[in-house]
Amino acid sequence: MKKGDRKAPSGAWTPDPRGSQWTFGWTSSCPRLSVAQARAFTRRRARLLARCRRLGARRLAGGWSKLFSGELSPGCAVCAAGGWSYLESNQLCGRGCFYCPRPQDRLSEPYDKILGLSFRSPSAYAAALQAAGHGGVGLSGGEPLLAMGRTLALVRALRAALGPRARLWVYTSGAGADERRLRTLRAAGVDELRVNVSADGYRLDAVRRAARVFPVVAVEIPAVPEDERRVRALLPRIVRAGARHLVLHQLTCTPHNDAELRARGYRVTDNGPFVSPSVVESELAALGILREALARRLPLSVNYCSFIFKNRYHALARRLRLARLLRRGKDPFRAPSPAGWLRRLEVAGTPSGLSALLRRLPSGSARRERTRLLLRPEALAHPALGTKPVVVRYSEYSFEGLDRKGGRLRVALGAGRRARFLEREERSFVLQGVRERAAFSALLRRGAGSPLRARFEGYEALPSALHAL
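A brief structural summary. (Residues numbered from 1 in each chain as written. Predicted model: local features only at pLDDT ≥ 70, side-chain atom pairs only at ≥ 80, totals over all residues. Heavy atoms only, no water.)

## With respect to the pattern of salt bridges
Turning to step 1, where the next piece is worked out: One pass over the full model with this rule turns up 38 salt bridges.
Turning to step 2, where the next piece is worked out: Salt-bridge contacts for E425 lead to R344; the nearest nitrogen and oxygen are separated by 3.5 Å. Of this pair, E425 sits in strand β24 (residues 417–431) while R344 sits in strand β19 (residues 342–348), and the two are 81 residues apart along the sequence.
Turning to step 3, where the next piece is worked out: Linking E378 and R376 is a salt bridge whose minimum nitrogen-to-oxygen distance equals 3.2 Å.
Turning to step 4, where the next piece is worked out: Judged by its relative accessible area of 29%, R376 falls in the partly exposed class.
Turning to step 5, where the next piece is worked out: Residues joined by salt bridges that share partners form a network here, namely D331, R334, R344, E346, R367, E369, R372, R393, E423 and E425. (Salt bridge = Lys/Arg side-chain N within 4 Å of Asp/Glu carboxyl O. Helix = DSSP H or I, 4+ residues; strand = E, 2+ residues; numbered from the N terminus. Buried < 20%, exposed > 50% of the residue type's maximum accessible area, 1.4 Å probe, protein only.)

## Thoughts on the sheet that holds strand β11 (residues 167–172)
Turning to step 1, where the next piece is worked out: Taken in spatial order, the 11 strands line up as β3-β4-β17-β14-β13-β12-β11-β10-β5-β8-β9 in an open sheet, and their pairing is mixed. One side of each edge strand has no neighbouring strand; the edge strands of this open sheet are β3 (58–59) and β9 (117–118).
Turning to step 2, where the next piece is worked out: Note: strand β13 (residues 216–222) against strand β14 (residues 245–249), five bridges, orientation parallel. Bridged to V219 within β14 is L246.
Turning to step 3, where the next piece is worked out: Sheet strands touched by helix α3 (residues 122–132): β5 (84–88), β8 (111–112) and β10 (136–140). Its angle to β5, the strand with the most contacts, is close to 160°. (Pairing = 2+ DSSP bridges. Contact = heavy atoms within 4.5 Å. Axes fitted to C-alpha atoms, helices over the stretch in contact; angles between N-to-C directions.)

## Digging into the packing of helix α1 (residues 35–54) against helix α9 (residues 280–296)
Turning to step 1, where the next piece is worked out: At their nearest, the axes of α1 and α9 sit 9 Å apart, and the two run at 20° to each other. By the angle between their directions, the pair α1 and α9 is classed as roughly parallel. As α1 packs across α9, the resulting crossing turns out to be left-handed. The residues of α9 that touch α1, namely those facing F41, R44, R45, L48, R51 and C52, are V280, E283, L284, L287, G288, L290, R291 and L294. (Parallel < 35°, antiparallel > 145°, perpendicular 65-115°, else oblique. Left-handed = near helix turned anticlockwise from the far one by under 90°.)

As structure tokens, this is what we get:
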């Protein structure tokens with residue numbers, strides 16, 4: 001460990017050679033909410049949410065996990081539609097923000113968080129996104145302006161491959177954001193600039209310079225609880241500086257910032273294995289800032305992107321993109337569900353018994369593969385199935401490794417490297433009897449109202465937690 005490095009909490013955390021992510025095997029030392037604290041927090045949050053709603057806050061997709069006022073910025077609109085990708089162009093930054101989730105002391109390879117891959121070649125990255133049909137890209141870091149040559153090469157390759165309609169935006173702390181660099185970014189094809197002013201003591205100099213160059217400028221910051229009043233007072237000045245969008249994020253805990261967040265007394269909620277815990281006070285601060293902006297009727301859209309929305313919605317976008325990119329042809333027996341999982345319906349049996357059943361089903365509604373019969377959804381209601389149990393399997397494509405010579409190679413990474421993805425099963429359910437098959441058919445047709453909705457939540461529809469703060 002180098003001098004000055006922060007010691008990680010107990011448990012393993014090692015650099016992932018594929019990119020700038022980390023392999024976690026740790027438990028955050030930040031305190032959790034007691035039962036009484038959770039109740040008080042829920043009541044306070046409910047009051048803030050109700051006030052925001054009365055003042056005109058809007059919600060995305062019928063839920064309250066993405067709450068905003070006014071109109072989303074064009075880049076956020078692309079993200080909300082699931083058409084974006086997010087690239088960490090490097091891991092260099094000298095700001096030293098206490099909340100930063102990872103070390104920022106190495107150049108690293110550009111890492112795409114949606115695909116889960118590092119790319120050595122800008123042209124290879126652009127080609128991968130073109131094949132996946134992405135409509136926008138956010139370039140972050142570290143600090144993209146500290147690796148200006150790399151950032152420009154990526155922007156130019158993306159613009160050439162994705163065309164003029166694609167939305168490209170860059171995140172910056174303002175470090176090195178002089179007018180010359182900003183004009184160079186704009187000339188290369190960047191549409192929006194997002195400035196994290198909390199990394200620079202909430203100074204707005206970089207915002208004012210950016211507003212003279214870019215048609216869309218946003219202030220994008222984490223909601224730091226102790227800075228809530230400061231940000232609320234800053235809102236009119238953000239407007240005067242030329243920004244029309246404020247994006248707020250919830251603080252999250254990682255091995256790198258765990259000690260810093262604990263020292264500030266933050267409390268966290270656990271979000272499941274291999275998922276960062278999120279800071280509850282940060283959500284209250286974000287809602288308080290949104291309420292203030294609404295009450296002042298400022299010409300500033302405020303978008304609160306909660307951690308649960310980012311984590312689950314971005315995972316959904318990744319599954320859908322990989323399913324589109326890697327799915328084997330147009331196989332009607334392995335169709336993606338609305339939540340992005342590859343769905344298979346199967347009946348097990350002997351080869352002779354399945355062949356006999358296949359002959360009784362409508363043509364094209366089933367296919368035999370050895371000791372299983374694959375079904376299309378419309379076959380579930382056919383009386384020939386009788387009371388046979390039907391297994392519903394959900395899988396996704398996951399990154400398997402790098403292979404220079406053979407295997408299922410799908411995505412070129414540059415410098416002779418290619419990515420291999422394999423299909424991995426996540427979960428299976430058994431439909432017992434005619435009634436459950438009919439209920440599942442109704443769930444596929446209509447979504448809401450099926451008695452099996454809760455059982456299949458997250459596989460056939462977005463989790464309910466995505467629709468409620």
